[in-house]
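# Structure assessment
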Amino acid sequence: MSRSFVKSLALTAATVALAAPALAFDRPLSVEDSFRIGSTGVLCTAQNAPADANLQTMFDRGYRIVCRDAASAVGALYALRADGGDPLARLAARRAATVECAPATDATIDGIGAVAVSACKDKAAGVDRRLYAVTRGKTTYVAEGLGGYDSALRLGLAAIVTDRPVAGEVQVATTSAGDPAAFARVQAGTLDPDSALAEAYVRNNSGSYAESSEFFETLAQRQGAAAARNGEYLVNQALQQSNLGNFAAADALFTQAERAIGARDGVTQRMLRNFRAIHLLNQKKPEAALVELDRKVVAMARGSEDNAIADGVISPNLADQINRENVALERLGGIDSRLSPFERAELLDGQALQLRGVALRVEGRNAEARKALDDSVRAIASVRNGRVTSTAWLRSETQQELALIAEAEGNYGAAESYLTEAVRIFEVEHPQSPALLAAKARLAAFLGRRGQTDRALALYGEVVTESASMPGSAATMRDLLQPYFALLIDRAASDPQAAAQMFDASQILQRPGVAQTQAVLARELSEGNDEASALFRLSVTRTREIARTRTEIARLAAKPDATADDQQALADARDALAGLEREQTALQSKLSEYPRYRVLQPQALPLAELQTLLRPGEAYYKLNLVGQDAYALYATATTVRAFRVPATTAALEADVARLRDSIVRLEDGAPVTYPFDAALARKLFVTLFGPVEGDLAAAKHLIFEPDGPMLQLPPNLLIAEQAGVDAYKKRIARPNADEFDFRGIAWLGRNRDVSIAVSPRSFADVRAIAPSAGSKGYLGLGENARPSLSPTAVAEWKQTESGDCGWPLATWENPISPAELTLAGGIVGQSRSTVLTGAAFSDTALVGRQDLSDYRIVHFATHGLVTAPRPECPARPALLTSFGSGGSDGLLSFKEIYDLRLDADVVILSACDTAGMATVAATREAGITTGGNFALDGLVRAFVGAGARSVVASHWPVPDDYDATKRLISGMFRADAGSSMASALRAAQQGLMDDVNTSHPYYWSAFTIVGDGSRPLLKP
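Residues numbered from 1 in each chain as written. Predicted model: local features only at pLDDT ≥ 70, side-chain atom pairs only at ≥ 80, totals over all residues. Heavy atoms only, no water.

## Quick look at the overall build of the protein
Along the protein, the regular secondary structure elements total 39 helices and 27 strands. Among the 1020 residues that make up the protein, the fraction classed as buried is 58%. Taking as baseline every contact in the protein between residues at least 6 positions apart, the subset at least 24 positions apart corresponds to 71%. Surface summary for the protein: the accessible area is close to 38,900 Å², and the carbon and sulfur share equals 51%. (Helix = DSSP H or I, 4+ residues; strand = E, 2+ residues; numbered from the N terminus. Buried < 20%, exposed > 50% of the residue type's maximum accessible area, 1.4 Å probe, protein only. Contact = heavy atoms within 4.5 Å. Areas by Shrake-Rupley, 256 points an atom, 1.4 Å probe, with all protein chains shown as cover.)

## Things to note about empty space enclosed by the protein
On inspection of all chains with the given rule, the structure shows six cavities of 30 Å³ or more. Of the pockets and cavities examined, the largest cavity occupies roughly 100 Å³. In this structure, the largest cavity is lined by 14 residues; those nearest its centre are Asn716, Val754, Leu985, Gln989 and Phe1007. Elements with a minimum of two residues in the lining of the largest cavity: β18 (753–756), α38 (981–993) and β27 (1007–1010). Counting residues per element, the lining of the largest cavity draws most heavily on α38, which supplies four residues. A breakdown of the residues in the lining of the largest cavity according to their chemical character gives seven nonpolar, four polar and three charged. Each of domain 4 (612–756) and domain 5 (770–788 + 808–1018) gives at least three residues to the lining of the largest cavity. (1 Å grid on protein atoms, 1.4 Å probe; cavity = no way out; pocket = protein on both sides within 12 Å on 5 of 7 lines; lining within 4 Å. Points joined across faces, edges and corners; volume = space filled by probe spheres on them. Nonpolar A, V, L, I, M, F, W, Y, C, P; charged D, E, K, R; others polar. Domains from an automatic or database assignment.)

## Looking at the side chain of Asn784
Structurally, Asn784 is set in the loop between β19 (776–782) and α31 (791–800). Of note is the side chain of Asn784, whose polar atom sits 2.9 Å from the backbone oxygen of Trp812. Once you skip the residues sitting within four places of it in the chain, Asn784 turns out to touch Trp812, Pro815, Phe841, Thr862, Leu880, Thr881 and Ser882. (Polar contact = N/O pair within 3.5 Å; in protein donor to acceptor, adjacent residues only side chain to side chain.)

## Some thoughts on the nonpolar core
Counting residues in each nonpolar core, the largest one holds 104 residues, and the members touching the most others are Tyr621, Leu688, Phe689, Leu718, Phe860, Phe943 and Phe973. Split by domain, this core shows at least three residues from each of two domains, domain 4 (612–756) and domain 5 (770–788 + 808–1018). In contact with Leu718, other than residues within four places in its own chain, are Leu659, Ala681, Leu684, Phe685, Leu688, Phe689, Leu713, Ala746, Trp747 and Leu748. Residues Ala406, Val423, Val463 and Phe485 belong to the second largest nonpolar core, which totals 61 residues. (Core = buried A, V, L, I, M, F, W, Y, C linked by side-chain atoms within 4.5 Å.)

## Description of the packing of helix α14 (residues 366–381) against helix α15 (residues 392–408)
At a minimum axis distance of 11 Å, the contact between α14 and α15 shows a crossing angle of 160°. By the criterion of interaxial angle, the relationship of α14 to α15 is roughly antiparallel. By crossing handedness, the relation of α14 to α15 is classed as left-handed. Residues Asn366, Ala369, Arg370, Leu373, Val377 and Ile380 of α14 pack against Leu394, Thr398, Glu401, Leu402, Ile405 and Ala408 of α15. Of the residues belonging to the contact of α14 with α15, the class tally is eight nonpolar, two polar and two charged. (Axes fitted to C-alpha atoms, helices over the stretch in contact; angles between N-to-C directions. Parallel < 35°, antiparallel > 145°, perpendicular 65-115°, else oblique. Left-handed = near helix turned anticlockwise from the far one by under 90°.)

## A few points about α14
With 16 residues, α14 extends 22 Å from end C-alpha to end C-alpha; this agrees with the ideal 22 Å at 1.5 Å per step. Every buried residue belonging to α14 is among Asn366, Ala369, Ala372, Leu373, Ser376 and Ile380, and all of these are buried. Buried residues in α14, looked at end-on, bunch into an arc of 120°, giving them a common side. The exposed set on the far side of α14, more than 90 degrees from its buried face, consists of Ala367, Lys371 and Arg378. On its buried side, α14 packs onto α13 (341–362) and α15. (Expected span 1.5 Å × (residues − 1). Arc of directions from axis to C-beta.)

## Things to note about the side chain of Ser589
Within the secondary structure layout, Ser589 lies in helix α24 (residues 564–591). According to the relative accessible area criterion, Ser589 is buried, its value standing at 5%. A polar atom in the side chain of Ser589 sits 2.9 Å from the backbone nitrogen of Gly148. Contact partners of Ser589, with chain neighbours within four places excluded, come to Val127, Asp128, Leu146, Gly147, Gly148 and Tyr149.

## Some points on helix α16 (residues 412–429)
Taking 1.5 Å per residue as the helical rise, α16 with its 18 residues ought to reach 26 Å, and the 26 Å between its terminal C-alpha atoms agrees with that figure. Among the residues making up α16, those that are buried are Ala415, Leu419, Ala422, Val423, Ile425, Phe426 and Glu429. The buried side chains of α16 occupy one side of the element, clustering within an arc of 155° when seen end-on.

## Some words on the environment of Leu836
Relative to the elements of secondary structure, Leu836 occurs in strand β20 (residues 833–837). Along the sequence, Leu836 and Pro818 sit 18 residues apart, while their C-alpha atoms lie 9.2 Å from each other. When near neighbours in sequence (up to four residues on either side) are disregarded, Leu836 contacts Leu779, Gly780, Leu781, Gly782, Phe841 and Arg849.

## Considering the state of the cysteines
Inspection of the entire model under this criterion finds two disulfides. Covalently, Cys44 is tied to Cys67 through a disulfide, its sulfur atoms 1.9 Å apart. The chirality of the disulfide connecting Cys44 with Cys67 is right-handed, given an S-S dihedral of about 110°. Residue Cys44 is located in strand β3 (residues 44–48), and its partner Cys67 is located in strand β4 (residues 61–67); the two are separated by 23 residues in the primary sequence. As far as burial versus exposure is concerned, Cys44 and Cys67 are alike and both buried. Covalently, Cys101 is tied to Cys120 through a disulfide, its sulfur atoms 2.0 Å apart. (Disulfide = S-S within 2.5 Å.)

## As for the packing of helix α6 (residues 230–243) against helix α8 (residues 266–282)
One way to put it is that α6 packs onto α8 with a least axis distance of 10 Å and a crossing angle of 10°. Here α6 lies roughly parallel to α8, going by the angle between them. Residues Gly231, Glu232, Val235, Asn236, Leu239, Ser242 and Asn243 of α6 touch α8, and the partners they reach there are Thr268, Met271, Leu272, Phe275, Ile278, His279 and Asn282. A breakdown of the residues in the contact of α6 with α8 according to their chemical character gives six nonpolar, seven polar and one charged.

## Some thoughts on the sheet that holds strand β24 (residues 891–893)
Paired through their backbone hydrogen bonds, the strands of a sheet run either parallel or antiparallel. In space, the three strands of this open sheet follow the order β22-β23-β24, with antiparallel pairing throughout. At either margin of the open sheet sits one strand with a lone partner, and together these are β22 (864–865) and β24. Here two bridges tie β22 to strand β23 (residues 878–880), and the two strands are oriented antiparallel to one another. Directly across from Gly864, in β23, lies its bridge partner Leu879. (Pairing = 2+ DSSP bridges.)

## Considerations on the environment of Phe446
Mapped onto the secondary structure, Phe446 falls in helix α17 (residues 434–449). Look at Phe446 and you get buried, because its relative accessible area is 1%. Considered as a pair, Phe446 and Ala415 are 31 residues apart in the sequence and their alpha carbons are 8.5 Å apart.

## Examining the packing of aromatic side chains
Scanning all chains against the criterion turns up 21 aromatic pairs. Where Trp812 meets Phe883, the ring centres are 5.0 Å apart and the plane angle is 40°; that geometry is what we call tilted. Here Phe883 lies in the loop between β23 and β24 and Trp812 lies in the loop between α31 and α32 (819–828), a separation of 71 residues in the sequence. For the pair shown, Trp812 and Phe883 are each scored as buried. Here the aromatic cluster, defined as three or more aromatic residues joined through ring pairs, consists of Tyr621, Phe643, Phe685, Phe689 and Phe704. The positively charged end of Arg81 is found above the aromatic ring belonging to Phe59, 4.9 Å away from the centroid. (Phe/Tyr/Trp six-rings, centres within 6.5 Å; stacked < 30°, edge-to-face > 60°. Lys NZ or Arg CZ within 6 Å of the ring centre and 35° of its normal.)

As structure tokens, then:
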């Protein structure tokens, strides 16, 4: 029952702001740094803006409104006292040069009554704006911003007038192109450094690790490597990466942080010690964590100012120092509640005791653990008499640790009390947070272990429901939901609702990024390729350009010896970023004019709704790996079966690796094929499909949603009947038998179509999406020009080849034959087809084409580069092309593919291992802020992002031997017009299955359809 300890310590303030206040909130909003606007709909927050030039008196307050998917602030809220003159006149004078407003008219806003409203126009951008104002006593309240965000402006105004959160729906445009972490970057950019740092700790302590990491990264970029607190930013970034499971990245950041921390910086040294211990506990290394906690740090002494703070006395000198550090306090004239360095050190030492207790408890040394935890409680309570509320999460974690000890000792009543108190603490201090969900899940797990199944299931149900409306909680939930799945599967046979509940829970777990990309494409084309969809796509494109520009800014800002040119480039990039953010935010406002984009797209799909999408003869198989446990759900239009898969995640990984090695492996750089392990393929089929083997016989189209290692293996090569395996074994036992002859095997994909879905929602989206509006049938691309025949190409390669991590020129010397392209084009029809080869097939030529969206089918017959040229180099997925001009590198990169403007029903990639992954780094370089490190997140995702409804990709390099690839692709195109893609591919594969030379899965099984295989390949 060990668990990881994954928190940092918020030490910037004695009281901290909640990121998203609940409506049952007992503190006025005027004391908060940020608050949520409304209660449902698109997430918008008001972020304190103490440096706003419109604030004149110490009583004035200002906020910037930021909303998810908008790259910059969409508006502002003000509470302005009349002491500084007429507030409305002051605001009007400041905006006169850029915004023109009509005379005010009367309006009504729920909760506050009559207000004045003015319709305005941004003079430069031509975008509608809105201004609301109302006066109460000596204070004038104002909400102004983009017209497309009207609902946020109205709810925000009601909130600051009433000084309480106001319920209501924020109805504004959303593209779903961003994620909680991307939104956190926008929020961090609107805050001053002190407020941003406090918010970073709030997000960490509430369990939003990805968001917290973005805050710390943004702070590091804004403040620069020479910033006094850079060590603190880096050590916190490292911890967030560890919390997310990215241990190698965490190690690198910890090393950077250690170099940045000063020899006398006792506070950050203690952070480094504690956070490294947490990092080791996250990796289940308690003994190493105990060694780390013994690390020596510089001693801290209490000074006179510390004594004064402890006694509640603020001296004039200390007040001056505080005011210099925090512009907000200059305006408020208040007392800084932040902790002194000595107090921060005391709390960090208290946290170290708590971590020692965790490590000892994991090692089973319960008596020592309890003493360390008790010592921790006393140490933390001694700081300001225990009134440091930002340590609430630490109190909750201690309760959970004590519960584990009590349970181990058989004191179950005490264990439940500890866990209940842990939940209560989070409900008060961090409502609507992943940390609260985690505390509830741990209590539910305990109840399940004690046989209180109904209570456990009810509490787990709350966790799943709340998690679905809490983006960013997936990283916290996967392991914590493991007991929930176990409880549900025990009831699945007798309780029809258990399968539906398991289906719901599975959808909050992390999925490949291509699922989100499919959702964005479906949203763009939800009603065809019209003016609104063009505006939507432009907004998404600007979002990606912003992400790329931020990456470039980070690279330039991190240069240790920046030249004058580097500094100018950094300044130019920051100016460009500001312009892109303004443009993208204006586009989002314009997009709000279209109602279909103001509707939030739910991430989860109810099981009943999935069943309505399934046609007669179709079945949906969903594999879920939760920790080391595996579960499956098999659904048709009328039936549902949920069952436990009798294998661990590790066992599935080992089986898939062995199967792939029996298909093809690289030896000395060349592909080598071995006799396929038919017995293992049969075993894996029985493992995955055994309980529904009889049902599967009736399925003519299987939609398979893989997880974990099964993302790397096409399911069509699993063996559905034992008889064929027995016959094969008997045959190869004869002298001189051909071990590569697999004719007569009942492959899973022989008599049924197979499609790959990456999530239920993305399946629904792709099935509903409008078909391509392209007027032309086919575009074939391949047979790159050989550089040895072109001096220009050699020159381009020398200019763009990137040191030791560039591909050798010989990579381009073995182009794939264009025969399959010519054949396919001829079948579609010469008048409706275009085939580009040789010099016409260059990266620069493709990027420059304006007619790519005219083609329904886009087919690449070229080499795919999905690995790195050398082990020490980063992998950046790309397709090989000819060398063009103007800086061509002969590669169509992940980023360049994503930027192509396609409107394709299908993209066919008859190249090497095109179903592979892209690293997180390569994904971010393309301006995509989600996903990465999953199979299918590489070239497949790039083409979906470019506009492909489905992608036919390969799981390994398909050979030219026996014309295997040519026969597969041409066989697809020879299918009757109107035949589904999956049926066309299956018919072509059957031809190779029945040929003694190509019956090995190496030749026929590699291709898989990611998307809806029931769509036609060729129109009737």
